Amino acid sequence: MQANHTTDSILIVDFGSQVTQLIARRVREAGVYSEIAPFSEAEKAFHRMKPKGIILSGSPASVPEEGSPRAPQVLFDSGLPILGICYGQQVMSEQLGGEVRPGHETGAEGHRGGEFGRAFLTVTKACALFDGLWAEGERHQVWMSHGDKVTQFAPGFEIVATSDGAPFAVIADEARQYYGTQFHPEVVHTPDGAKLLANFVHKVCGLAGDWTMAAYRETKVAEIREQVGTGKVICGLSGGVDSSVAAILIHEAIGDQLTCVFVDHGLLRLDEREQVERMFRDHYNIPLVVVDAEARFMAGLDGVSDPEKKRKFIGGEFINVFEEEAAKIGGADFLAQGTLYPDVIESVSFTGGPSVTIKSHHNVGGLPERMNMQLVEPLRELFKDEVRALGRELGLPDMFVGRHPFPGPGLAIRIPGEVNKERCDILRKADSIYLDEIRKAGLYDAIWQAFAVLLPVKTVGVMGDSRTYDSVCGLRAVTSTDGMTADVYPFDASFLTGVSTRIVNEVQGINRVVYDYTSKPPGTIEWE
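Residues numbered from 1 in each chain as written. Predicted model: local features only at pLDDT ≥ 70, side-chain atom pairs only at ≥ 80, totals over all residues. Heavy atoms only, no water.

### Things to note about the overall build of the protein chain
Turning to step 1, where the next piece is worked out: Across its full length, the protein chain holds 15 helices and 20 strands.
Turning to step 2, where the next piece is worked out: The globule rule puts the C-alpha radius of gyration for 528 residues at 24 Å, and the 25 Å found for the protein chain is close to it.
Turning to step 3, where the next piece is worked out: Within the protein chain, the proportion of its 528 residues that are buried is 58%.
Turning to step 4, where the next piece is worked out: For the protein chain, the exposed surface amounts to about 21,500 Å²; the carbon and sulfur share of it is 49%.
Turning to step 5, where the next piece is worked out: Positive and negative side-chain charges of the protein chain, numbering 51 and 72 respectively, have mean locations separated by a distance of 3 Å. (Helix = DSSP H or I, 4+ residues; strand = E, 2+ residues; numbered from the N terminus. Rg over C-alpha atoms; globule rule 2.2 N^0.38 Å. Buried < 20%, exposed > 50% of the residue type's maximum accessible area, 1.4 Å probe, protein only. Areas by Shrake-Rupley, 256 points an atom, 1.4 Å probe, with all protein chains shown as cover. Lys, Arg positive; Asp, Glu negative; His and termini not counted. Charge placed at Lys NZ, Arg CZ, Asp CG, Glu CD.)

### Quick look at the pattern of salt bridges
Turning to step 1, where the next piece is worked out: Inspection of the entire model under this criterion finds 38 salt bridges.
Turning to step 2, where the next piece is worked out: Between glutamate 94 and arginine 70 there is a salt bridge whose closest N-O contact spans 3.2 Å. Highlighted residues: glutamate 94 in helix H4 (residues 87–95) and arginine 70 in the loop between strand E3 (53–56) and helix H3 (73–77), separated in sequence by 24 residues.
Turning to step 3, where the next piece is worked out: Note that aspartate 425 is salt-bridged to arginine 428, the shortest N-O span being 2.9 Å. Separated by 3 residues within a single helix, aspartate 425 and arginine 428 lie in helix H14 (residues 421–440), roughly one turn from each other.
Turning to step 4, where the next piece is worked out: Classification of aspartate 425 as partly exposed rests on a relative accessible area of 26%.
Turning to step 5, where the next piece is worked out: Put simply, Arg25, Arg26, Arg28, Glu29, Asp385 and Glu386 are held in one network by salt bridges that share partners. (Salt bridge = Lys/Arg side-chain N within 4 Å of Asp/Glu carboxyl O.)

### Overview of the environment of methionine 92
Turning to step 1, where the next piece is worked out: For methionine 92, the location among the structural elements is in helix H4.
Turning to step 2, where the next piece is worked out: Given the relative accessible area of 0%, methionine 92 is considered buried.
Turning to step 3, where the next piece is worked out: For the pair methionine 92 and phenylalanine 495, spaced 403 residues apart in sequence, the C-alpha separation works out to 51 Å.
Turning to step 4, where the next piece is worked out: For methionine 92, the residues in contact, after removing those within four places along its chain, are Leu56, Phe76, Ile82, Gly84, Phe157, Tyr178, Tyr179 and Gly180. (Contact = heavy atoms within 4.5 Å.)

### With respect to the sheet that holds strand E15 (residues 334–336)
Pairing between the strands of a sheet comes from backbone hydrogen bonds, and it takes one of two forms, parallel or antiparallel.
Turning to step 1, where the next piece is worked out: What the 5 strands build is an open sheet, ordered E14-E13-E12-E15-E16; its pairing is parallel. The open sheet has two edge strands, strand E14 (288–292) and strand E16 (374–376), and neither has a second partner. Strand-to-strand twist across the sheet, computed as the mean angle between neighbouring axes with direction ignored, equals 30°.
Turning to step 2, where the next piece is worked out: Taken together, the 5 bridges between strand E13 (residues 258–264) and E14 define a ladder with parallel strand orientation. When the sheet's bridge partners are listed, aspartate 264 is paired in E14 with aspartate 292.
Turning to step 3, where the next piece is worked out: Against the sheet, helix H6 (residues 213–228) engages strand E12 (233–237), E15 and E16, with an angle of about 165° to E16. (Pairing = 2+ DSSP bridges. Axes fitted to C-alpha atoms, helices over the stretch in contact; angles between N-to-C directions.)

### Here we look at the confidence of the model for the protein chain
Turning to step 1, where the next piece is worked out: Chain-level statistics for the protein chain give a pLDDT mean of 87 and a share of 90% at 70 or above.
Turning to step 2, where the next piece is worked out: By mean pLDDT, the top-scoring element of the protein chain is E3 (98), and the lowest-scoring one is helix H11 (residues 341–347) (69). (pLDDT = per-residue confidence, 0-100.)

### Overview of the packing of aromatic side chains
Turning to step 1, where the next piece is worked out: Using the criterion set out here, one finds 16 aromatic pairs in the structure.
Turning to step 2, where the next piece is worked out: Between phenylalanine 130 and tryptophan 134, the ring centres sit 5.3 Å apart and the planes meet at 40°, which makes this aromatic pair tilted. Across this residue pair, the class does not change: phenylalanine 130 and tryptophan 134 are buried.
Turning to step 3, where the next piece is worked out: Taken together, a centroid distance of 6.1 Å and an interplanar angle of 90° make the contact between tryptophan 211 and tyrosine 216 edge-to-face. (Phe/Tyr/Trp six-rings, centres within 6.5 Å; stacked < 30°, edge-to-face > 60°.)

### A look at the environment of valine 513
Turning to step 1, where the next piece is worked out: Secondary-structure assignment places valine 513 in strand E20 (residues 510–515).
Turning to step 2, where the next piece is worked out: Residue class for valine 513 comes out buried when judged on its relative accessible area of 19%.
Turning to step 3, where the next piece is worked out: Along the sequence, valine 513 and serine 500 sit 13 residues apart, while their C-alpha atoms lie 5.7 Å from each other.
Turning to step 4, where the next piece is worked out: Once residues lying within four places of it in the same chain are set aside, the contact partners of valine 513 are Cys473, Leu475, Ser500, Ile503 and Val504.

### Observations concerning the state of the cysteines
Note: disulfide means a covalent bond formed between the sulfur atoms of two cysteine side chains.
Turning to step 1, where the next piece is worked out: Under the criterion given, the structure shown has 0 disulfides.
Turning to step 2, where the next piece is worked out: Its sulfur unpaired, cysteine 86 is 18 Å from the next cysteine sulfur, which belongs to cysteine 127.
Turning to step 3, where the next piece is worked out: A residue is classified by how much of its surface remains accessible, and cysteine 86, at 4% relative accessible area, is buried. (Disulfide = S-S within 2.5 Å.)

### Examining the side chain of threonine 190
Turning to step 1, where the next piece is worked out: Secondary-structure assignment places threonine 190 in the loop between strand E11 (178–181) and helix H5 (193–204).
Turning to step 2, where the next piece is worked out: For threonine 190, a relative accessible area of 2% gives the class buried.
Turning to step 3, where the next piece is worked out: Within polar-contact distance, the side chain of threonine 190 engages the backbone oxygen of histidine 184 at 2.8 Å.
Turning to step 4, where the next piece is worked out: In this view, threonine 190 contacts Gln141, Val142, Trp143, Phe183, His184 and Pro185; residues no more than four positions away in its chain are not counted. (Polar contact = N/O pair within 3.5 Å; in protein donor to acceptor, adjacent residues only side chain to side chain.)

As structure tokens, this is what we get:
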């Protein structure tokens, strides 16, 4: 990932918190570019990015435990402003000469245990982090989630806010521009959290906040031209927003040096192929090759039920198809993909190992060594909502830019268990009915993602005078801002009843419909 499209950036050091991604989002919302680097890669990222400020994330680890992660010393030697959040505050305090104790121990001040959930802190002294936001003596709601706590701050620090469970709720070393919060400002449960982070990047780090999609577009076009030169690029279209925005951005940069390949693998939504052909051939006049590969993918998925194996096969077979098509058009030097930042984050453990990888993504991880092609991934630094903003900047119609996300492996990961053409056809019809009803109700834009899932479960039903034994269809709908966390969309019962009636009546092979009420976390948005 390159950060040379901006001079103003913030490095976020990830110690493994489940909400580190939200820090990046809040910083970007403040108009400042940010990147996340695992603590083990933070020194390398620091030298590459040359950031103007540093944020240390929370962590499930405990600072007093032997072997718990630490921040590279180069960060403290840099003279840059640093904000430590939760574990970040603790590890900064410990590394600079303070003391951190486990939550079960009682410190000299008499406080014991951690804080979890909503808490209230009292501002005891003004500081740059609070400028124009919080005044001395005021009480404010924050979100705590910590067991350990700082019991002695490092030399140069002073307490600027306290809470009942955290006497060092916020500490500051104004001379060195070091700040530490025991609470999490990145989560929505801290009402003023985004403003506090904006204060850090604007008022402490002195950044202008001028990172925009227009600037990103201009610089990315220049980067693509420089990377590609006179080479040829082949871009794999999935039918989703990500690959489409990537293709249009690349086409703006290099014109007919780009050829798009749309693979109909039989795992698409209803009428997806026709919609893509119309937009790219008729509206944008981008060279497009359509490959009918349904039989090939279905044969490869035959007997495969493990979701990771599905993803790996589909990703590998996409590469095979692209390789074949590149040869047909006379060879290609580059393969373009619509890889997004959350794909990269979820596919890489913050420790560098595989233990906490959430799931693999078919478009993350590079190319097989046999392929003499390089990757072009112009969206690799963006979150989903930023891709939509870039799409609008590029002139894509709102109806297309606002489409719900669709996974690269398509319906294969919405059919737990074995995948075949019959089950795909059943799911396609059910999914189309569900989305049609959502649009008719005027709810489509209020929902981040909605889709149907065909479960590997059969149940008894009664239709007319006949007994049925057919499949169960699950419905999923969530609200989100970036796909990293999600809440269930609260349909009313009459809506779900109406959808269920239509699906059971119109889709042969389904006789029961259920609704998924799981948020993310603990679940993921997709079922596999």
